[in-house]
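Below are the chains, spelled out letter by letter.
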Amino acid sequence: MRTAGGFFVCLWRERKRRGVKTMSQNKKMVEAITPINEDFTQWYTDICLKAELVDYSTVKGCVILRPYGYAIWENIMHLLDARFKATGHENVAMPLFIPESLLQKEKDHVEGFAPEVAWVTMGGSEPLEDRLCVRPTSETLFCDHFAHVLHSYRDLPMKYNQWCSVVRWEKTTRPFLRTREFWWQEGHTIHETAQEAIEETEQQLETYADFCENELNIPVLKGKKTDKEKFAGAEATYTIEAMMHDGKALQSGTSHYFGDGFSRAFGVQFTGRDNTLQYPFQTSWGMSTRLIGAIIMTHGDDEGLILPPAIAPYQVVIVPVAAHKPGVLEKAEELRARLSKFVRVKLDDSENSPGWKFAQWEMKGVPLRLEIGPKDIENGQCVLVRRDNREKAFTKLEDLEAAIPALLAVVFAILLVSMPLYQNVQKQLDQVLLTTRENLLGIRVVRAFARQEEEKDRFRQETDGLYQKQIFVGKISALLNPLTYVIINLGIIAVLYFGGRQVDAGNLSQGEVIALINYMSQIL
């Protein structure tokens, strides 16, 4: 786990830096979008609608994914699906409906989802004897299936994934972030041993974190949820949290370890290596279209979307200038055919003006724009414009195969604003702690005297719930205030570090503070 203080200091500074636009002196080209610093919520909604990602449906609480929005989701699906298959997972499709009698088998699970369930009570004109739940998630269906197809330890592990939509009857909705129906993937696996299932849970959390950071350019924090927040019926829930423009964290993916609780509830058994009946251990994990909301809120600006190249429906858009003049459209089409061999490219040959097209495709977040006009053709060049900072570069047409991938790589690196974290997080946190020691006066921490390693382990286990809650809540609730983060967490961390006496944190020596910093780096 990474330290949070330096992480968010770096991230916040970069966000502020990128807020100073190089565009002609901050003149807005897209007036339809509310400025981000004026009304963040309306800014977000404006982008969802004006960039043609979604439209509101007559079905209350639901949205329509428009072609451009669905194309982003398709690219996310393709990239994630490849990762799942590389680790041995297979895709399946489960029914949309769950009988109430099946849902009732796992008490904690049904109680956790009861307020969000939509029910089907009629089949045609006849009332149903057993109500049907419109799936909010599919654990019960997978368990019912596993009970039929699992026989021996030789059948294990079973590692399945499903791409589908689910329904949760939310009271307050917002596109991508919380809607009554949303699209997602849900992975479900069963294993012979608890250790295998735990490793699967951790592996999928790492897969999600790596995907967000290296495909979506979104820095995340990994953590374990408290017992109160964990998934209904799970023994443990792990999450990745991404930081948004407004300083809030967005849950972007979860991975759950179920132990053998669901297996026992649904009678899922197999014949073990010792020829006895045993219960398998289970996991589930999921990511949804909420990721598109995270992309908007992490990278977007007052002009609209800024899409990471990996998931952009079009990585390059070609805009002809003076398209009515001889040879311009023909050259633009020639470039489209040529570029389509190595990038996703769109030729905008509509009758709209070039200025309108520039603003439209900037709003839709296409990473690179290629402008080509009569003089460019005459000079054997074009203009490449980056979406992230609107910098222009005159490029020889013969160099495009090298120039475009290079520029896309630059855009990728710039968007991943957390990169300085990986080199400087320790330095940043050191500075935060060492310069705010005076603010720690009065924080008193006590730790039981424990010199032996086994006593330390026992003490940590006994305080683990408090430890996890303090660390995780501190990270998420004080993202933009490293000092608050330190004050919230120093007490419990010191409890785990110092021994044998009551300690006034404000009186720690410089050596003790440095030792504590090092300890924080190891455990966070």
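Notes on the structure follow. Just so you know, these numbers come straight off a predicted model, no measurement behind them.

Glancing now at the overall build of the protein chain. Looking only at helices and strands, the protein chain features 18 helices and 21 strands. Split into buried and exposed, the 524 residues of the protein chain put 53% on the buried side. Once local pairs closer than 6 in sequence are excluded, the contacts in the protein chain between residues at least 24 apart make up 69%. With an accessible surface of roughly 23800 Å², the protein chain has 50% of that area assigned to carbon and sulfur atoms.

With that settled, consider the sheet that holds strand β4 (residues 97–99). Reading across the sheet, the three strands line up as β4-β6-β5 and stay open at both edges, with antiparallel pairing between neighbours. Of all strands in the sheet, those with a lone pairing partner are β4 and β5 (118–123), marking the two edges. Here the strands of the sheet are splayed against their neighbours by 45° on average, with no regard to which way each runs.

A cis amide bond, omega -5°, links Leu-156 with the succeeding residue Pro-157. Structurally, Pro-157 can be placed in the loop between α6 (139–149) and β7 (158–167). One non-glycine residue, Glu-52, lies in positive phi territory at about 60°. The residue Glu-52 is located in the loop between α2 (40–50) and β1 (54–56) in this model.

Our focus in this paragraph is the nonpolar core. Grouped together as the largest cluster of nonpolar side chains are 51 residues, with contacts concentrated most on Trp-43, Leu-53, Ile-76, Phe-176, Leu-216 and Ile-296. The greatest single-element share of this core, amounting to seven residues, is contributed by helix α3 (residues 67–86). Those residues within four positions of Ile-76 in sequence are excluded, and the remaining contacts are Phe-211, Leu-216, Leu-291, Ile-292, Ile-295 and Ile-311. In this structure, Phe-142, Cys-143, Leu-150 and Leu-156 belong to the second largest nonpolar core, which totals 23 residues.

As a further point, take the pairing of strand β8 (residues 181–191). Of all the 11 residues making up β8, nine are buried; the element is thus mostly covered by neighbouring parts of the structure. Where β7 lies against β8, 10 bridges are found, and the strand directions are antiparallel. Paired with Met-158 across the strands is Ile-190, a residue of β8. Looking at chain direction, β8 and strand β14 (residues 281–288) are connected through eight bridges and run antiparallel. By the bridge assignment, Trp-184 is partnered in β14 with Ser-288.

Scanning all chains against the criterion turns up 20 salt bridges. Between Glu-333 and Arg-336 there is a salt bridge, and its shortest N-O distance comes to 2.9 Å. Highlighted residues: Glu-333 and Arg-336, both in helix α10 (residues 328–339), separated by three residues, approximately one helical turn. You can call Arg-336 partly exposed: its relative accessible area is 28%. Of the charged contacts in the structure, one is a salt bridge between Arg-369 and Glu-371, with a shortest N-O distance of 2.9 Å. In this structure, Arg-369 and Glu-371 share a single accessibility class: buried.

Turning our attention to the side chain of Thr-283. For Thr-283, the position within the fold is in strand β14. Residue Thr-283 is classed as buried on the basis of its relative accessible area of 0%. Within the structure, the side chain of Thr-283 is placed 2.5 Å from the side chain of Thr-189, a separation counted as a polar contact. Not counting residues up to four positions away in its chain, the partners in contact with Thr-283 are Gly-187, His-188, Thr-189, His-191, Ala-197, Glu-200, Thr-201, His-256 and Phe-258.

In this structure, the largest pocket occupies an estimated 960 Å³ of space. Residue assignment for the lining of the largest pocket shows that the elements contributing at least two residues are α5 (107–113), β8, β11 (249–259) and β14. Of the residues in the lining of the largest pocket, the class split is 10 nonpolar, 16 polar and 12 charged.

Our next topic: the sheet that holds β14. With mixed pairing, the seven strands of this open sheet are ordered in space as β3-β7-β8-β14-β11-β10-β9. Unpaired on one side and paired on the other, β3 (90–91) and β9 (220–224) mark the two borders of the sheet. α6 contacts β7, β8, β11 and β14 of the sheet and is inclined by roughly 145° relative to β7.

Among the residues making up α2, those that are buried are Phe-40, Trp-43, Tyr-44, Thr-45, Asp-46, Ile-47 and Cys-48. Contacts from the buried residues of α2 go to β1 and α9 (290–299). Just downstream of α2 lies Glu-52, where phi reads positive at about 60°.

A few words now on the packing of aromatic side chains. Using the criterion set out here, one finds 12 aromatic pairs in the structure. Judged by centre distance (6.3 Å) and plane angle (35°), the rings of Tyr-68 and Tyr-314 are tilted. Taken together, the residues Tyr-68 in helix α3 and Tyr-314 in the loop between α9 and β15 (316–320) connect sequence positions 246 residues apart. Taking the relative accessible area as the measure of exposure, Tyr-68 reaches 7% and is therefore buried. Centre to centre, the rings of Tyr-314 and Trp-361 are 5.9 Å apart; their planes meet at 80°, and the pair counts as edge-to-face. Pair noted here: Tyr-314 is in the loop between α9 and β15 and Trp-361 is in helix α11 (residues 354–363), with a separation of 47 residues, a long-range link.

Below, the discussion takes up the side chain of Asp-46. Assignment of secondary structure puts Asp-46 in helix α2. The side chain of Asp-46 sits in the buried core without any salt bridge; Lys-50 is the nearest counter-charge, 6.4 Å away.

The next subject is helix α7 (residues 194–214). An α-helical turn contains 3.6 residues, so a residue and the one three or four places further along point in the same direction. Spanning 21 residues, α7 covers 30 Å between terminal C-alpha atoms, matching the ideal 30 Å at 1.5 Å per step. Residues Ala-197, Glu-200, Thr-201, Gln-204, Leu-205, Thr-207, Tyr-208, Ala-209, Phe-211, Cys-212 and Glu-213 constitute the buried set of α7.

A word on the environment of Gln-203. Within the secondary structure, Gln-203 is located in helix α7. On the basis of relative accessibility, which here comes to 30%, the residue Gln-203 falls in the partly exposed class. Residues Gln-203 and Thr-87, spaced 116 residues apart in sequence, show a C-alpha to C-alpha distance of 9.4 Å. With sequence-adjacent residues up to four places away left out, Gln-203 is seen in contact with Thr-87 and His-89.

Rules of the game
Residues numbered from 1 in each chain as written. Predicted model: local features only at pLDDT ≥ 70, side-chain atom pairs only at ≥ 80, totals over all residues. Heavy atoms only, no water. Helix = DSSP H or I, 4+ residues; strand = E, 2+ residues; numbered from the N terminus. Buried < 20%, exposed > 50% of the residue type's maximum accessible area, 1.4 Å probe, protein only. Contact = heavy atoms within 4.5 Å. Areas by Shrake-Rupley, 256 points an atom, 1.4 Å probe, with all protein chains shown as cover. Pairing = 2+ DSSP bridges. Axes fitted to C-alpha atoms, helices over the stretch in contact; angles between N-to-C directions. Core = buried A, V, L, I, M, F, W, Y, C linked by side-chain atoms within 4.5 Å. Salt bridge = Lys/Arg side-chain N within 4 Å of Asp/Glu carboxyl O. Polar contact = N/O pair within 3.5 Å; in protein donor to acceptor, adjacent residues only side chain to side chain. 1 Å grid on protein atoms, 1.4 Å probe; cavity = no way out; pocket = protein on both sides within 12 Å on 5 of 7 lines; lining within 4 Å. Points joined across faces, edges and corners; volume = space filled by probe spheres on them. Nonpolar A, V, L, I, M, F, W, Y, C, P; charged D, E, K, R; others polar. Phe/Tyr/Trp six-rings, centres within 6.5 Å; stacked < 30°, edge-to-face > 60°. Lys, Arg positive; Asp, Glu negative; His and termini not counted. Expected span 1.5 Å × (residues − 1).

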